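Listed below, chain by chain, are the residues.
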Amino acid sequence: MKPVSTTSLLVLDLAGTFVFALEGASTAVQHELDLLGIVVLAFVTALGGGIIRDLLIGSVPPNSIRDWRYATTAFFAAAVVFALHTQVSRIPFWPLLTLDAAGLSLFAIAGAGKALDFNISPLLAILLGGVTGVGGGIIRDLFLAQVPAVLRTDIYAAAALFGAAILILALKLKLPSTLASVLGIASCFLLRMTAALEHWNLPKVLNR
Amino acid sequence: MKPVSTTSLLVLDLAGTFVFALEGASTAVQHELDLLGIVVLAFVTALGGGIIRDLLIGSVPPNSIRDWRYATTAFFAAAVVFALHTQVSRIPFWPLLTLDAAGLSLFAIAGAGKALDFNISPLLAILLGGVTGVGGGIIRDLFLAQVPAVLRTDIYAAAALFGAAILILALKLKLPSTLASVLGIASCFLLRMTAALEHWNLPKVLNR
Amino acid sequence: MKPVSTTSLLVLDLAGTFVFALEGASTAVQHELDLLGIVVLAFVTALGGGIIRDLLIGSVPPNSIRDWRYATTAFFAAAVVFALHTQVSRIPFWPLLTLDAAGLSLFAIAGAGKALDFNISPLLAILLGGVTGVGGGIIRDLFLAQVPAVLRTDIYAAAALFGAAILILALKLKLPSTLASVLGIASCFLLRMTAALEHWNLPKVLNR
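Residues numbered from 1 in each chain as written. Chains lettered and ligands numbered in written order. Predicted model: local features only at pLDDT ≥ 70, side-chain atom pairs only at ≥ 80, totals over all residues. Heavy atoms only, no water.

**Thoughts on the side chain of B:Asp141**
Residues and elements named next belong to chain B. With respect to the helices and strands, the residue Asp-141 is situated in helix α7 (residues 122-143). On the basis of relative accessibility, which here comes to 6%, the residue Asp-141 falls in the buried class. The residues contacting Asp-141, other than those within four sequence positions of it, are Gln-146, Val-147, Pro-148 and Ala-149. (Helix = DSSP H or I, 4+ residues; strand = E, 2+ residues; numbered from the N terminus. Buried < 20%, exposed > 50% of the residue type's maximum accessible area, 1.4 Å probe, protein only. Contact = heavy atoms within 4.5 Å.)

If you want it as structure tokens, here you go:
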């Protein structure tokens, strides 16, 4: 069961990599990092989550170290941002949000599916789906010496976990793996988009 | 030689996980993270040190990824803090310090013992005992964009290293492994408690 | 092909470790960390890059966990800084810059060569050479809650990547591995020294 990682779906995986790398590189520009910082943030934002997942499940070297196409895609996104930053920064909010939600959904479901392939228990596979989806963004924020945004606000990692849980539930119900993947991806995507549209947030503890 | 990781001692390991997760979750509340942030900080504070140790000694997937009971324990602690934060925040200082020192001691000695099982040299096994004890707290502080407290002040990591060193010395002296573990745990615990009671700190370099 | 890691070149590797550990420990003193902080920053600055590389290529346990001489060298550097900080802080700028550039060059070329040994593709081997050279400094900066300097300014990581690229180009041209290593090391060293002398920086995107 390799819901998204098969050859026929490689293009989707690389598309998600490109979107996340574009966002990482743009963040680097906003924080006045130099060309190397742009490349590094593109790389870690796009590939960091999958690398952590692969280290944790024992799939070493990680996919994006083994296959040069991932790094090349991230570099290409960094080059696009470096050359065309003004144009990239003018991409309207909604298309970018939609692409980002699509990338998050693909990464989370692919990550949870790969964890299952490596005999990780369902609970941890859901978590590793979340790590795949948001781990790169967490590393990006740490590199910028900021508390990761995903820990403070918004329904983002929660959408990744929800989609991964739907995938695993569907697989437990013996649905075909393609259908299970589609259901997982759609669940994550719809929750993320609705939450952004409705400004949903996770609850906090009222701290006195 | 598995001083703490055997089935009969699993409950101790999970108790340490619960205490550390409780502290991580409480810190998340203090920093106004949302529910996801509370869960993540509970998880990384409790399990991050052991995960780093396992990655470094080549025990992959790490114990807490392989066995769902660790993650479940961390989530349970996060739920307790989320539901009962006011009550948790009223736990007096001394019981909490004592439980934390006990958790530190168990983690450090279990970590050093596991490193030895994987044929790591005594010096590095001591270090990996320290990493097991304090690694989670370091990741928690990094996630909060703070210099890890353990690097600046207090006898905390030093107690973990001391306990791990006593364990390894006792094993070199051919003491039975259970006795060696008890000696290591007691050494770490007593040093930590005395240091907290007496406000001991490690020396600093007077920087001009 | 093990350009720098063979027994006969171990002394060079340990010398690089010593220089980087000295810098990490000195930074810890400047930030008023305690003795444990000094030791930890010495260790991660000197050995962090190689540890990340080894985890990513699947060489586990990492070299510096397997061989106690690396940790011992880092501790010795920490002890030197702790005992003789005033004297160490008076080392003039140019000798320190030269030693640091030499350490960077050795680490980057050794890192790229080891990645090739583990069948990593040339592009990723260059990147892993860069990670070996600058990864430790990035972890040091993260521990100090700062944006890694290497992402913002200076030709530093770029020199590591350039040297690693020259090594791999030379190997592709079937040059003997010793000559390829020397060319890679010299390229990195000369670019780093020239950049420091001429105050070269990588370009940034003018962000409005």
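Additional details are given in the paragraphs that follow.
**Points about the packing of helix α1 (residues 10-30) of chain B against helix α4 (residues 68-83) of chain B**
All names here are of chain B. Across the interface, α1 lies against α4 with an axial gap of 8 Å and an inter-helix angle of 40°. Our classification of the angle between α1 and α4 gives oblique. Where α1 crosses over α4, the handedness of that crossing is right-handed. Facing α1, whose interface residues are Leu-10, Asp-13, Leu-14, Thr-17, Phe-18, Ala-21, Leu-22, Ala-25, Ser-26 and Val-29, α4 presents Arg-69, Tyr-70, Thr-73, Ala-74, Phe-76, Ala-77, Ala-78, Val-80 and Val-81. (Axes fitted to C-alpha atoms, helices over the stretch in contact; angles between N-to-C directions. Parallel < 35°, antiparallel > 145°, perpendicular 65-115°, else oblique. Left-handed = near helix turned anticlockwise from the far one by under 90°.)

**Points about the relation of the copies chain A and chain C**
Under the fitted operation, chain A is carried onto chain C by 0.0 Å of movement along the axis and a turn of 120°, and the coordinates agree to an RMSD of 0.0 Å. One copy is carried onto the other by what is essentially a three-fold rotation axis. Rotation axis and chain A: the residue whose C-alpha lies nearest the axis is A:Ala145, separated from it by 3.2 Å. Interface residue correspondence from chain A to chain C reaches only 10%, placing this contact among heterologous pairings that use different surfaces. (Least-squares fit on C-alpha atoms with pLDDT ≥ 70 in both.)

**Quick word on the relation of the copies chain B and chain A**
With an RMSD of 0.0 Å, the operation that places chain B on chain A is a rotation of 120° combined with a shift of 0.0 Å along the axis. Here only 10% of the contact residues of chain B are again contact residues in chain A; the copies associate through non-equivalent surfaces.

**Some words on the pattern of salt bridges**
Inspection of every chain in the model, using the stated rule, returns 15 salt bridges over all chains. For B:Asp141, the salt bridge identified is with B:Arg140, shortest N-O distance 3.1 Å. The same class applies to B:Asp141 and to B:Arg140, which are both buried. One salt-bridge network, in which partners are shared between bridges, spans A:Arg53, A:Asp54 and A:Lys114. (Salt bridge = Lys/Arg side-chain N within 4 Å of Asp/Glu carboxyl O.)

**Some thoughts on the interface of chain A and chain C**
Each partner contributes to the interface: chain A provides 30 residues, whereas chain C provides 30 residues. Both faces combined, the contact of chain A with chain C buries some 2300 Å², and carbon together with sulfur accounts for 75% of it. Viewed at the interface, chain C and chain A are joined by zero salt bridges. Put simply, chain A and chain C have four residue pairs in polar contact (both at pLDDT 80 or more) between them. (Buried area = accessible area lost by both parts, 1.4 Å probe. Polar contact = N/O pair within 3.5 Å; in protein donor to acceptor, adjacent residues only side chain to side chain.)

**Notes on helix α4 (residues 68-83) of chain A**
For α4(A), with 16 residues, the first-to-last C-alpha span of 22 Å sits near the 22 Å given by 1.5 Å per residue. Within α4(A), burial applies to A:Tyr70, A:Ala71, A:Thr73, A:Ala74, A:Ala77, A:Ala78, A:Val80 and A:Val81. If you follow the buried residues of α4(A), they end up packed against α1 (10-30), α2 (35-57), α3 (63-66) and α5 (85-89) of chain A together with α7 (122-143) of chain C. Of the residues that open α4(A), the one with a side-chain oxygen 2.9 Å from the backbone nitrogen of A:Arg69 is A:Asp67. (Expected span 1.5 Å × (residues − 1).)

**Remarks on α7(C)**
Residue and element names in this part refer to chain C. In a regular helix each residue adds 1.5 Å, so 22 residues correspond to 32 Å; α7 covers 31 Å between its end C-alpha atoms and thus fits that length. Of all the bends in α7, the largest measures some 50° and sits at Val-134. The buried fraction of α7 amounts to 19 of the 22 residues, a majority that puts the element mostly inside the structure. Trailing α7 by a residue or two, Ala-145 shows a phi angle of about 55°, which is positive. (Bend = angle between axes of the 7 residues up to and from the residue.)

**Some remarks on the interface of chain B and chain A**
Facing the 30 residues of chain B at the interface are 30 residues of chain A. Carbon and sulfur atoms supply 75% of the area buried between chain B and chain A, which totals about 2300 Å² over both sides. Linking chain B with chain A are zero salt bridges, by the criterion used here. The interface formed by chain B and chain A includes four residue pairs in polar contact (both at pLDDT 80 or more). The set of elements that each furnish at least two residues to the side of chain B that touches chain A consists of α1, α2 (35-57), α3 (63-66), α4 and α7 of chain B. Looking at the side of chain B that touches chain A, the element that brings in the most residues is α2(B), giving nine residues. Broken down by class, the residue content of the side of chain B that touches chain A amounts to 23 nonpolar, five polar and two charged. (Nonpolar A, V, L, I, M, F, W, Y, C, P; charged D, E, K, R; others polar.)

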